[in-house]
Amino acid sequence: MNENNIPLTLQEKLYNELSNQIKSGKYKPGDKIPSEPQLVNTYEISRVTVRNAIQQLVNDGVLIKKHGKGTFVKSAVYTEGFFSGGSFTETCLQMKATPYTHIISIDKEKADEQIHSILSEKNELVTIKRVRYVDDVPSIVEIDYFSNDYSFLLNENIENTSLMKIIIQKKHVIMSNFEDKFTISYANKEFSELLNIPSGTPLLEITQTVSSPDNQVVYINKQYILTSKYVYAVRSYK
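Here is what the cut-offs are and how they apply
Residues numbered from 1 in each chain as written. Predicted model: local features only at pLDDT ≥ 70, side-chain atom pairs only at ≥ 80, totals over all residues. Heavy atoms only, no water. Core = buried A, V, L, I, M, F, W, Y, C linked by side-chain atoms within 4.5 Å. Buried < 20%, exposed > 50% of the residue type's maximum accessible area, 1.4 Å probe, protein only. Helix = DSSP H or I, 4+ residues; strand = E, 2+ residues; numbered from the N terminus. Contact = heavy atoms within 4.5 Å. Expected span 1.5 Å × (residues − 1). Arc of directions from axis to C-beta. Patch = residues over 30% accessible without salt bridge, like charges linked within 9 Å, V, L, I, M, F, W, Y side chains within 5 Å. Areas by Shrake-Rupley, 256 points an atom, 1.4 Å probe, with all protein chains shown as cover. Salt bridge = Lys/Arg side-chain N within 4 Å of Asp/Glu carboxyl O. pLDDT = per-residue confidence, 0-100. Phe/Tyr/Trp six-rings, centres within 6.5 Å; stacked < 30°, edge-to-face > 60°. Lys NZ or Arg CZ within 6 Å of the ring centre and 35° of its normal.

**Let's talk about the nonpolar core**
Consideration 1: Tyr145, Phe191 and Leu203 are the most contacted members of the largest nonpolar core, which has 17 residues in total.
Consideration 2: Where this core is concerned, the elements lending two or more residues are strand E5 (125–134), strand E6 (137–146), helix H7 (189–195) and strand E9 (217–225).
Consideration 3: For tyrosine 145, the contacting residues outside a window of four places in its chain are Ala111, Ile115, Leu119, Leu125, Val126, Thr127, Tyr219, Ile220 and Lys222.

**Some words on helix H1 (residues 10–23)**
Consideration 1: Its 14 residues give H1 an end-to-end C-alpha distance of 20 Å, which sits within 8% of 20 Å, the value for a rise of 1.5 Å per residue.
Consideration 2: Burial in H1 covers these residues: Leu14, Tyr15, Leu18, Ser19, Gln21 and Ile22. Projected down its long axis, H1 shows its buried positions confined to an angular sector of 160°, all on one face.
Consideration 3: Along its buried surface, H1 packs onto helix H2 (36–43), helix H3 (47–59), strand E1 (63–66) and strand E2 (70–73).
Consideration 4: Positive phi shows up at glycine 25, right after H1, with a value of about 95°.

**Some remarks on H3**
Consideration 1: Its 13 residues place the ends of H3 18 Å apart at the C-alpha level, agreeing with the 18 Å of an ideal helix rising 1.5 Å per residue.
Consideration 2: Those residues of H3 not exposed but buried are Thr49, Val50, Ala53, Ile54 and Leu57. Seen from one end, H3 has its buried residues packed into an arc of 130°, which puts them on one side. In H3, the exposed positions that point more than 90 degrees away from the buried face belong to Val48 and Asn59.
Consideration 3: Residues of H3 that are buried make contact with H1, H2, E1 and E2.
Consideration 4: Glycine 61 occupies a position one or two residues after H3 and carries a positive phi of about 80°.

**Quick notes on a nonpolar patch on the surface**
Consideration 1: Where nonpolar side chains cluster on the molecular surface, the patch consists of Met164, Ile168 and Phe178 and spans about 250 Å² of accessible area.
Consideration 2: Here methionine 164 lies in helix H6 (residues 163–171).

**So, the pattern of salt bridges**
Consideration 1: Under the definition given, this model contains nine salt bridges.
Consideration 2: The salt bridge partner of glutamate 205 is lysine 222, with a shortest N-O separation of 2.8 Å. In this pair, glutamate 205 sits in strand E8 (residues 202–211) while lysine 222 sits in strand E9, placing the two residues 17 residues apart along the sequence.
Consideration 3: Residue class for glutamate 205 comes out buried when judged on its relative accessible area of 14%.
Consideration 4: Given the relative accessible area of 9%, lysine 222 is considered buried.
Consideration 5: A network of salt bridges, in which partner residues are shared, links Arg130, Arg132, Glu142 and Asp144.

**Observations concerning the confidence of the model for the protein**
Consideration 1: Residues at a pLDDT of 70 or more form 88% of the protein, whose mean pLDDT is 85.
Consideration 2: Highest mean pLDDT in the protein belongs to H7 (95); lowest belongs to strand E3 (residues 78–79) (57).

**A look at the packing of aromatic side chains**
Centre distance and the angle of the planes are the two values used to describe a pair of aromatic rings.
Consideration 1: The full count for this structure, using the stated rule, is five aromatic pairs.
Consideration 2: Ring geometry for tyrosine 100 and tyrosine 133: centres 5.5 Å apart, planes at 55°, overall tilted. You can see tyrosine 100 sitting in strand E4 (residues 99–109) and its partner tyrosine 133 sitting in strand E5, a full 33 residues away along the chain.
Consideration 3: Assessed through its relative accessible area of 38%, tyrosine 100 is described here as partly exposed.
Consideration 4: Considering the side-chain rings of tyrosine 150 and phenylalanine 152, the 6.0 Å spacing of their centres and the 40° angle between planes classify their relative orientation as tilted.
Consideration 5: Each residue in the set Phe146, Tyr150, Phe152 and Tyr219 is aromatic and connected to the rest through ring pairs, giving one cluster.
Consideration 6: One cation-aromatic arrangement involves lysine 66 over phenylalanine 72; the distance from NZ or CZ to the ring centre is 4.8 Å.
Consideration 7: Here the basic side chain of lysine 171 rests over the ring of tyrosine 150, its NZ or CZ set 5.1 Å away from the ring centre.

Shown next as structure tokens:
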């Protein structure tokens, strides 16, 4: 019975049952729920009733249908908070999510000619490659490029430390200018394995040039974002 003492319909009962199972964690984000025939047999109700209850949860943004695969609990999408300053960690904490960064490599590598040109460096660049996780879900592949003036980073432990803080402490550099360029790229074999997605999945590619107040480039940051998990926010002020 509901608060108006009107008996719930079978559709409403199934809707509530599935909602409660998702809220309790029986079905977690990304999990597949039982098929329509399975739900029909379990609850001994009609397929139309099952279909309508599922569609209601889809409309509410709780479930998502994938053609030929079934119906899944929709994963949360995290958007950079207005006051997070573009910080991945701050965004996750504000959204009550758990951030985690896994360092893939810290080494000297060649990059494309444009990056070498921007950094005024012909030799191999100090390159930091990492994967950002939101609630244990890999969401971003991030690559930072530095000139050899920042070779000290090769010996720093940056697994759970702000890269910007290390640079400020070691080089006393103020980073105040951030220029972003956006494009769409597609997951190659390496990125598909790091993000646990099919090869060819579209990713938002952001190239950010970080500079000091006198417009000296400090480093270049490239992010390959799985936007079904994390949304990059751009803010402008007048």
